[in-house]
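Secondary and tertiary structure notes
These are the residues of each chain, in order.
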Amino acid sequence: MSSDRPDPRSGPAAQAPGGPRASGPVSGGGAEPRLSRIEVIALSLSALWLAMVGLFYWMMPPAPEGSTGGMMTTVMVLVAIALPISMIWVAAVTARTTRELRHEAASLRASIEAMRAAWSSTQAMRAGQAVERKLDEIAAATRQAETTIATFASRRDAGATQPSADRKAALIAPKPAASADEQPALALGTPAEALRHPVSVADFIRALNFPDNAEDKAGFHALRNALQDRTMAKLIRAAQDVLNLIAQDGIYMDDLKPDRARPEIWRRFATGERGREIAALGGIRDRSSIALCAGRMRGDTVFRDAAHHFLRQFDKTFSEFEKNASDTEIAELAETRTARAFMLLGRVTGIFD
C-alpha cells in the first residue's frame, strides 16, 4: 500500500511560524519520496508474510485423494492470509498518524513560543512606554511644584501691612515734589481724576484677563473701571488689538499652558533687566504658535507695530504695578491672557534671548 501524502519531516509541513524547522534530505529536483519508512516496513512485512504463506503451502504434503475442502475451509484460509496483512497496515497507518500528530504538536509548540516571544517584546515596549510616562509625570509634578513655589511670596515687608487686593490701588502715580519757588496753585477746583477712586489690584488683574463670556459681569465691571485710568486703558487697548490679531491665526491664550516664573524674575524684568537673566518669563513653548507669530511679524507691518506697541505698554505699566504688588498678585497677573500674550510676543521678538 502506497501513499501520495508528503513526509511530515520535510518540506513546508515541517515549518513553523517562528521560522524554518530542520527537515530531512531532499533530492536535487525538489521531489519528495513517495514512500516513507513506515510504508516500506509495512510492504516488507506484507511480502514476508505472503512468502511465508507460500512457503507453507509449498512444503505442506498433498491432500489425500477424495477429500475436498468446503467453503468454510476456503474462507478460513483467506482470513488467515489477509488478517496479518491487515493488522500490519493498521499498525502502519497508526504509526504514521501518530508521527504526524507529533509534528503538528511540535509546530503548535513553536507557534506558541513565537507568540510568547512577541508578547514578551510587546510587554517590554509597553514597560518602556510606562517608564517614559512615569518620567513625564514626574517632570510635570516637578513643574507643578516649581509653579506652587513660585506663588509663595518672596518679598517680606514686616514693617508694613498691605491692604487686600480689592482695596489696594494697582497703580499709584508719584506726586511731584513742591519746589520753593513754585507759584501756588490756583483754587480752580479739584480735577475729576483726583476725585476718582484708584483702580484696585483685583480689578486691574481681572481686566487684563478680559471677560470670559457675555455673562461675566465681574469681568466687565473690572474692565470698565480699568479703562477709566489712562495708563491702564493704553495697555488694555493694546492687548485687545494684539489678541484679536493673534486670534486670526487660530491662536488663543486659553490654549497655551506657559511655565510659571518666580515673582522675583518678574521684578527683575520690572527693574530693567533683559536677556537670558529673565529667560524664564518666556514660558510659552508652543512651537506652532511661535512660528505663526514670527511669520506675521516678518510679513505684516500692522501686526509688527501693534506687537511692539503692546510690549512697550506692558513694560511701562508693569514697572509701575510691581512697585505696589505682592508676589502673589504678580503670580496672578502672570496667569492673565495679557501676560500670556506678552510671553508669546516677547519670545518672538527676542526679549528673552
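Preceding block: the structure.
The following refers to the structure shown. (Residues numbered from 1 in each chain as written. Predicted model: local features only at pLDDT ≥ 70, side-chain atom pairs only at ≥ 80, totals over all residues. Heavy atoms only, no water.)

So, on to the pattern of salt bridges. Overall, the coordinates contain 17 salt bridges when judged by the stated rule. Its salt-bridge partner being Arg96, residue Glu100 comes within 3.5 Å of it at the nearest N-O pair. Of the two residues, Glu100 and Arg96 are both situated in helix H2 (residues 71–151); the distance of four residues between them amounts to about one turn of the helix. According to the relative accessible area criterion, Arg96 is buried, its value standing at 8%. A salt bridge links Asp315 to Arg274; its shortest N-O distance comes to 2.6 Å. Here Arg274 lies in the loop between helix H7 (263–270) and helix H8 (287–299) and Asp315 lies in helix H9 (residues 301–323), a separation of 41 residues in the sequence. (Salt bridge = Lys/Arg side-chain N within 4 Å of Asp/Glu carboxyl O. Helix = DSSP H or I, 4+ residues; strand = E, 2+ residues; numbered from the N terminus. Buried < 20%, exposed > 50% of the residue type's maximum accessible area, 1.4 Å probe, protein only.)

To continue, consider the packing of aromatic side chains. On inspection of all chains with the given rule, the structure shows 11 aromatic pairs. Aromatic pair Phe310 and Phe314: ring centres 6.1 Å apart, planes at 50°, arrangement tilted. Of this pair, Phe310 and Phe314 both sit in helix H9, four residues apart, which is roughly one turn of that helix. Residue Phe310 is classed as buried on the basis of its relative accessible area of 0%. (Phe/Tyr/Trp six-rings, centres within 6.5 Å; stacked < 30°, edge-to-face > 60°.)

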